[in-house]
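Per-entry structural report
If you want the building blocks of each chain, they are given just below.
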Amino acid sequence: MFGFVYGLSDFLKDQRIARRSPMFLEPLAKGKQLQPFLATLVPPTALALLAPDIFFNALDSAGAYGISVLFGIIPAAMVWKFRYSKEPKFSNPVRQLVPGGKSVLAATGGSAVALILSEMYQTLSPLVG
């Protein structure tokens, strides 16, 4: 968390400097060093105080959808494209590291899609009735 706060506040400092000086050389005054940290920390703190469960819901959604796409659908699609496309491949033959053919790739991508659909159903079913 410290890295995120430091990185975002440093980014905000850079943006202020870039707008004031095209050469990026103008330092911030002593009293204005605290403003980027406040701009980084106050909005999420206020949001967490107003709606405490919002971050847990965001993490749940990011985990269900983002991780499934990132580690389930995209790798299966990449391997499928590499193995079964008609485009020229590398000049040196590449040894197949993961056994299985189209059925294994379809099962990998399909299980990720099934997980996403299951999560969508669980999320949307209370809204429908």
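What you are looking at is a predicted structure, and each value in this text was computed from that prediction instead of being measured.

Below, the discussion takes up the overall build of the chain. A count of helices and strands for the chain gives four helices and zero strands. Across the chain, helices and strands are ordered from the amino to the carboxyl terminus as α-α-α-α. Out of the 129 residues belonging to the chain, those deemed buried represent 15%. Restricting the contact set of the chain to residue pairs at least 6 apart, pairs at least 24 apart contribute 51%.

Looking now at the environment of Leu115. Along the chain, Leu115 falls in helix α4 (residues 102-128). Residue Leu115 is classed as partly exposed on the basis of its relative accessible area of 47%. With 46 residues separating them in the primary sequence, Leu115 and Val69 have C-alpha atoms 9.9 Å apart.

A word on α4. For an α-helix, 3.6 residues make a turn, and residues three or four places apart therefore share a direction. Here α4 spans 37 Å end to end across 27 residues, near enough to the 39 Å set by a 1.5 Å rise per residue. The principal kink in α4, of about 25°, is found at Gln122, preceding the proline Pro126 by one to four residues. Within the span of α4, buried status applies to Leu105, Gly109, Ala112, Ile116 and Glu119. At its buried positions, α4 is contacted by α3 (54-84).

Nonpolar side chains collect at one region of the surface, where Ile67, Val69, Leu70, Phe71, Ile74 and Met78 lie side by side and expose about 570 Å² of accessible area between them. Relative to the assigned elements, Met78 resides in helix α3. The class for Met78 is exposed, based on a relative accessible area of 56%.

Our next topic: α3. A rise of 1.5 Å per residue sets the reference length of α3, with its 31 residues, at 45 Å; its end C-alpha atoms lie 43 Å apart and thus fit the reference within 8%. At Val69, α3 shows its maximal bend, which comes to roughly 40°. Turning to α3, its buried residues are Ala64, Ser68, Gly72, Ala76 and Arg83. The inward-facing, buried residues of α3 contact α4.

Calculation notes
Residues numbered from 1 in each chain as written. Predicted model: local features only at pLDDT ≥ 70, side-chain atom pairs only at ≥ 80, totals over all residues. Heavy atoms only, no water. Helix = DSSP H or I, 4+ residues; strand = E, 2+ residues; numbered from the N terminus. Buried < 20%, exposed > 50% of the residue type's maximum accessible area, 1.4 Å probe, protein only. Contact = heavy atoms within 4.5 Å. Expected span 1.5 Å × (residues − 1). Bend = angle between axes of the 7 residues up to and from the residue. Patch = residues over 30% accessible without salt bridge, like charges linked within 9 Å, V, L, I, M, F, W, Y side chains within 5 Å. Areas by Shrake-Rupley, 256 points an atom, 1.4 Å probe, with all protein chains shown as cover. Salt bridge = Lys/Arg side-chain N within 4 Å of Asp/Glu carboxyl O.

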